[in-house]
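Chain residues, written in single-letter form:
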Amino acid sequence: MQKSRWLIVLLVAILALSMVSQVSAQRLPRNETVWKAGLQWGAPTSFNPFGAGSIAWPIGSEKLIYETLFVYNILEGDLDPLLAESREWINDDMTLRVVLREGTTWQDGQPLTSEDIVYTFELSERYTTSWSAVWNYMTEIVAVDERTIDISLNPERPHRAFLENFLSTHRIAPKHIWTEIEAADGTIRETPNMEPVGSGPFKLMQFNPEMIVLEQHDEYWGFQYFGDIAPRYIAMGIFSSNDAANLALERGTIDFSQTFIPEVWRMWEDAGRPVKTWYDDVPYHLPASIPSIYLAWKYPLDIPEVRRAIAYSIDYARIAETAMSRYSLPKEPGLIIHEGSPEAVYFSEEDAAAYGWEFNPAEAVRLLEEELGATKGSDGIYVLPDGTRLGPWDAVCPYGWTDWMTALEIVAAGAQAVGIDIRTNFPEAPVRTDMLQTGNFDIILDSVGSGYGMAHPWERFRVALDSRELPEIGQTAFHNYARYKNEEVHEILDRAGYTTDEEERAQYLRELNRIVMHDIPVIGLMYRPWDFYTVSEHVWTNWPDADNPTAPPNHQQAGIWIYYQIEPVE
């Protein structure tokens, strides 16, 4: 056992040293390059912002090439202007007016105008993209002039916060380029777009299976508004696992990491490394998301008692302690963060006690035997009265995502202990993404409503429960991956989103949380930060933190401001 352990450590070190040699091979000036990890798993195959499947960093996560009108700032709970300078509701709050900044341009020198904004939003109406849902809440987008855009709210679904949220997520693409792609391909989703032209401060310089490198765009329109960016290059190392990336961070060859790091405090307390997180003590990171397992809506997983038995079999405290390394409190039932977040005001302890669950293997067994009449087979796995065996079912997450892998091992062990045959399966990240979006899974782990924005926690309920405009299994979906269907949910979702009365909103959100606890389309396993924010001061300093909150602790959204704050170590 000891020999095997040291062999694993040696292999991890070899992987990290391999990355060091790759860095040297590229001859990027170290004091001009921010090296990142944890946002690209596998060789890049597409830089298409509208594409399905695995979209390469930074297209899929940061605003370094393709920008948005605004960026969400989790510290402020509001939108910071980016391409746009302002937004306001007019016409009895039924029209959202957005005004662009002066001087916005594309990286090829062409002007960026309101026509580009209108064209890009209309692409998501004509084709299925990750932003198509915005058209459920708007009816029209119009260019008033070159710098002004009016967006008409759908009077039948007037969710203002959700519409505003898309201003920070819908990437804007150049009309003069994408009209040609659209005309040639008859679609916008298939082209890999390996030479992306955006409006952001960085351009794609090179990529290979080990890294993606961006170089600063000298003519970036935003420098006049935001100031200068110290790094000349931003490079994403593509590692095979969290362990390899974490060793590179500890050694100072990675500066800015989104990977999960077990017991991160040991890097500075025990090893004396110049590494830090947002907080210097528990919980180290800001809670913002709920990684949850989707349970496929197919027999016998669609039986409520089976789903509830699985929920009772999971040791949530162990997941928080080991899988999440104390970065999470034990997960409470439902889809609302119950502590340490502004949304905690919507959480009801009374409902959790009445409708939820906790780690209780005996109750899981009681449900299977007394409620379903299941009997154990000779292999220890329950069989339903009609002869259906409870499993085997694969619980899936990407290989190398060690915190999620550990969580699913705990899920599988708990299920096996009560007589449900769940096994883990850790494919490469692109394979898992395809399984998630096409619905070809038994049980799969994902952050429900990943990210954070103006519409949370409502957005989590929409992603988990809304079956409108939902494709069948085998086709690409961007929400409700389990294909859960409950027509009664839609009216409650709409009312929760439309009301401007805070007491009413709280009641509707509480009702939605009760539905999650009753039907169990997903089971939350842990609380997680929006991004893991771990930085090294080997090469760069002045990183924001809780004592110096000059930018939020994110790689995405308003985390873009971090690059304007950091400075090279003298």
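Details of the structure are given in the entry above.
Just so we're clear, the structure is a prediction, and the values are computed from it rather than from any experiment.

Once that is clear, we can look at the overall build of the protein. When you go through the protein residue by residue, the secondary structure sums to 17 helices and 24 strands. Relative to a compact globule of 570 residues, whose C-alpha radius of gyration would be 25 Å, the protein shows 24 Å and is just as compact. For the protein, the spread of C-alpha atoms along the three principal axes comes to 70 × 65 × 45 Å. Buried residues in the protein amount to 60% of all 570 residues. Counted over contacts in the protein with a minimum sequence separation of 6, partners at least 24 positions apart contribute 71%. When the accessible surface of the protein is totalled, it reaches about 22,200 Å², and 47% of it is carbon and sulfur.

Applying the stated rule across the entire model yields 33 aromatic pairs. Aromatic pair Phe 47 and Phe 207: ring centres 5.2 Å apart, planes at 55°, arrangement tilted. Taken as a pair, Phe 47 in the loop between strand S1 (33–37) and strand S2 (70–73) and Phe 207 in strand S8 (residues 202–208) lie far apart in primary sequence, 160 residues in all. Residue Phe 47 is classed as buried on the basis of its relative accessible area, which comes to 0%. For the ring pair Phe 256 and Tyr 563, a centre distance of 6.3 Å and an interplane angle of 65° mean the geometry is edge-to-face. Note that Phe 256 is positioned in strand S11 (residues 256–257) and Tyr 563 in helix H17 (residues 562–565), a separation of 307 residues in sequence. As far as the burial class goes, Phe 256 and Tyr 563 line up, both buried. Aromatic ring contacts, followed pair by pair, group Tyr 220, Trp 221, Phe 223, Tyr 225, Phe 226, Trp 561 and Tyr 564 into a single cluster. Geometry around Phe 70 places Arg 87 over its ring, the cationic atom sitting 5.6 Å from the centre.

In this section: the pairing of strand S5 (residues 95–100). Across the six residues that make up S5, a large majority, five, are buried. Both strand S4 (residues 84–90) and S5 contribute to a ladder of six bridges, which runs antiparallel. Along S5, the bridge assignment pairs Arg 87 with Val 98. Bridging between S5 and strand S7 (residues 148–153) involves five bridges; their strand directions are antiparallel. In the sheet register, Thr 95 faces S7, and the bridge partner there is Ser 152.

Summarising the element assignment, Tyr 533 is placed in the loop between strand S21 (528–529) and strand S22 (534–536). The sequence separation of Tyr 533 and Thr 259 amounts to 274 residues, and the corresponding C-alpha distance is 8.4 Å. Contact partners of Tyr 533, with chain neighbours within four places excluded, come to Phe 256, Ser 257, Lys 276, Thr 277, Trp 278, His 285, Trp 543, Pro 544, Pro 553, Asn 554 and Ile 562. Separated by 2.6 Å, the side chain of Tyr 533 and the backbone oxygen of Pro 544 make a polar contact.

In this structure, Met 454 sits in the loop between strand S19 (443–447) and helix H14 (458–465). In this structure the C-alpha to C-alpha distance between Met 454 and Gly 77, which are 377 residues apart in sequence, comes to 7.1 Å. In this view, Met 454 contacts Tyr 72, Gly 77, Asp 78, Leu 79, Arg 87, Ala 161, Glu 164 and Asn 165; residues no more than four positions away in its chain are not counted.

Moving on: the sheet that holds strand S20 (residues 522–524). The strand order across the open sheet formed by five strands is S18-S17-S19-S14-S20, and the pairing between neighbours is mixed. Strands at the two margins of the open sheet, each flanked by one partner only, are strand S18 (422–425) and S20. Each strand of the sheet is rotated relative to its neighbour by a mean of 30°, with strand direction disregarded. As judged from the five bridges shared by strand S14 (residues 291–295) and S19, these two strands associate in the antiparallel manner. Residue pairing in the sheet places Leu 295 in a bridge with Ile 443 of S19. The strands touched by helix H12 (residues 402–418) within the sheet are S14, strand S17 (393–396), S18 and S19, with S18 carrying the most contacts at an inclination of about 160°.

So, about the pattern of salt bridges. Under the defined criterion, the tally for this structure stands at 34 salt bridges. Notably, a salt bridge pairs Asp 150 with Arg 97, separated by 2.8 Å at the nearest N-O pair. Taken together, the positions of Asp 150 in strand S7 and Arg 97 in strand S5 put the pair 53 residues apart, joining distant regions of the chain. Overall, the relative accessible area of 26% leaves Arg 97 in the partly exposed class.

Okay, the pairing of strand S3 (residues 78–81) next. Of the pairings in the sheet, the one linking S2 to S3 comprises four bridges and is antiparallel in character. Bridge pairing in S3 places Tyr 72 opposite Leu 79. Connecting the antiparallel pair S2 and S3 is a turn made up of four residues, with Gly 77 showing a positive phi of about 65°.

Conventions used here
Residues numbered from 1 in each chain as written. Predicted model: local features only at pLDDT ≥ 70, side-chain atom pairs only at ≥ 80, totals over all residues. Heavy atoms only, no water. Helix = DSSP H or I, 4+ residues; strand = E, 2+ residues; numbered from the N terminus. Rg over C-alpha atoms; globule rule 2.2 N^0.38 Å. Buried < 20%, exposed > 50% of the residue type's maximum accessible area, 1.4 Å probe, protein only. Contact = heavy atoms within 4.5 Å. Areas by Shrake-Rupley, 256 points an atom, 1.4 Å probe, with all protein chains shown as cover. Phe/Tyr/Trp six-rings, centres within 6.5 Å; stacked < 30°, edge-to-face > 60°. Lys NZ or Arg CZ within 6 Å of the ring centre and 35° of its normal. Pairing = 2+ DSSP bridges. Polar contact = N/O pair within 3.5 Å; in protein donor to acceptor, adjacent residues only side chain to side chain. Axes fitted to C-alpha atoms, helices over the stretch in contact; angles between N-to-C directions. Salt bridge = Lys/Arg side-chain N within 4 Å of Asp/Glu carboxyl O.

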